[in-house]
Amino acid sequence: MSDHDAAIADERRAAARRLLADPLVLADGPHRDEFAAIRRHADWLTTAFRQLLGYEVVVEARFARLLKAGPGPGAGRALFRSTGTPFNPRTYAYLTLGLAALVTAPEQVLLSQLVSDIRGAAADARIELDDAGRQVERRTLAAALRQLVLWGVLVEVDGSLGNYVEREDAEALLSVDRDLARALIAGPLAQATDAAHLIALAHDPGHHGVRVAVRRRLAETPVVFRDELVPDEDDWLRKNQRREARTFEEFVGLHAEIRAEGIALLDPADEVSDVAFPGRGTVAQAALLLIERLVAQVRPDQPAASVPVADALIDETLAVLVTEYGRKAGWQRDLVENPLRLRDEVTELLAHMRLLRRSTIGESAGGSERDEGEGGSGARRSRSGSAWEVPAIAARYASRLREQRPRAIQEGLPL
């Protein structure tokens, strides 16, 4: 390969990595240099993403959008307000109603008119909204509109959304990017009969079949466990894993770590994932310490798919960690003083990183319950009293964790 060809390959790889990490890249955003590369290689990127992952790429003068598949039921990622609070269902409702109103809005619109259009869209959809005069309702709507500002769909030309939170009669002039508003929606809305059907349709690989379904898992999840694949998927992956490893390395520079239990795609440059693990902050630090101590106690002597973890063991271990590290490591006071919230956030992070997973043990023999206690996240709790399991890929290598963490933990995994 000539130096010129190598440079082109590197530029294409960087462009693909940016789209995989940030499915929406704005021309005037923080990645404007990579946006220029995305535009130069738009045709190649469109073909490559379509063939490899069944994803579509939309490249316009002001933005580039990678239209991914949905992650499936229960696997979505939350949006957050500027305060760090996750969106609640009401905020998501306002976000979707706002998009519905904006796809046909004029290029500039007054905030009062947009609010009226949103409430009209809610009435058409038979969604009941609270009185706009309530500050909590205005705060929720403003959070949804601020997300649209962050995405570039709205621009505050004159006035501020913040003023609307304080006063119902506050006005602002907003600029609207209708093309971007239309491009944000990736799911097949016209085909869906309800929300559950839309989630299922968005996740379905359709005519792309097994190969694309498995590739999407490899690209979008930290690790793919073989015992979670259906037989056809597992058979295809076993036959093609080496070739797929080379493909992902050439396409986006991710290195495959192949083990008997599954495959992880690692990012040595730590650019593709938006969640670093190990990472900074109270939740990330507590999560790493928790999984180290859990696997040291539950590591199986023989190979196993997963090992149940008693809920009491998680709570007790976190309490010990708070005592040992909470003060000297400067952990967040609101988390340290709320053990249930700390447990929920830590276990959710470990579940996202595939180092914990929801328990299925005992369900077939007697069903499962849900933990809906104070601050509970509604995790499934099997009849054995365990809401969680440690996958064998973590548990079987527990003896090495303290001295030499596996690369899958040491380097962080791509989403």
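Residues numbered from 1 in each chain as written. Predicted model: local features only at pLDDT ≥ 70, side-chain atom pairs only at ≥ 80, totals over all residues. Heavy atoms only, no water.

(A) Region of the structure containing the packing of helix H10 (residues 209-220) against helix H11 (residues 231-252). Two numbers describe how H10 lies on H11: the axes approach to 10 Å, and their chain directions differ by 60°. On the basis of their axis angle, the class for H10 and H11 is oblique. Classified by chirality, the crossing of H11 by H10 is right-handed. From H10, Val210, Arg211, Ala213, Val214, Arg215, Arg217, Leu218 and Ala219 reach across to H11, where they touch Asp232, Glu233, Trp236, Leu237, Arg243, Glu244 and Phe248. A breakdown of the residues in the contact of H10 with H11 according to their chemical character gives 8 nonpolar, no polar and 7 charged. (Axes fitted to C-alpha atoms, helices over the stretch in contact; angles between N-to-C directions. Helix = DSSP H or I, 4+ residues; strand = E, 2+ residues; numbered from the N terminus. Parallel < 35°, antiparallel > 145°, perpendicular 65-115°, else oblique. Left-handed = near helix turned anticlockwise from the far one by under 90°. Contact = heavy atoms within 4.5 Å. Nonpolar A, V, L, I, M, F, W, Y, C, P; charged D, E, K, R; others polar.)

(B) Structural detail: the nonpolar core. Of all hydrophobic cores here, the largest spans 35 residues; its most connected members are Leu102, Leu111, Leu114, Ile118, Leu145, Leu148 and Leu154. Secondary structure elements with two or more residues in this core: strand S1 (24-26), helix H4 (89-102), helix H5 (111-124), helix H6 (135-151), helix H7 (161-166), strand S6 (173-176) and helix H8 (178-184). In this view, Leu145 contacts Leu111, Leu114, Ile118, Leu154 and Leu161; residues no more than four positions away in its chain are not counted. With 33 residues, the next largest nonpolar core counts Leu288, Val307, Trp331 and Leu356 among its residues. (Core = buried A, V, L, I, M, F, W, Y, C linked by side-chain atoms within 4.5 Å. Buried < 20%, exposed > 50% of the residue type's maximum accessible area, 1.4 Å probe, protein only.)

(C) Layout of the sheet that holds strand S10 (residues 306-309). With antiparallel pairing, the 3 strands of this open sheet are ordered in space as S10-S14-S11. A single partner strand is all that each edge strand has here, and the edge strands are S10 and strand S11 (357-358). Of the pairings in the sheet, the one linking S11 to strand S14 (residues 388-391) comprises 2 bridges and is antiparallel in character. Paired with Arg358 across the strands is Trp388, a residue of S14. (Pairing = 2+ DSSP bridges.)

(D) Local environment of the sheet that holds strand S3 (residues 63-67). An order of S1-S3-S2 is seen for the 3 strands of this open sheet, with the pairing classed as antiparallel. Each edge of the sheet is formed by a strand with only one pairing partner; in this case those strands are S1 and strand S2 (56-59). Taking each pair of neighbouring strands and ignoring which way they run, the sheet shows an average axis angle of 5°. Summarising the sheet, S2 and S3 pair through 4 bridges and their orientation is antiparallel. Bridge assignment links Glu56 to a residue of S3, and that residue is Leu67. The sheet contacts of helix H3 (residues 42-53) involve S2 and S3, and relative to S2 the element is tilted by about 160°.

(E) Layout of unusual backbone geometry. Although it is not a glycine, Arg126 sits at a positive phi angle of roughly 60°. Structurally, Arg126 is set in the loop between H5 and H6. Since its relative accessible area comes to 79%, Arg126 is described here as exposed. Unusually for a residue other than glycine, Arg354 sits at a positive phi of about 70°. Within the secondary structure, Arg354 sits in the loop between helix H15 (339-352) and S11.

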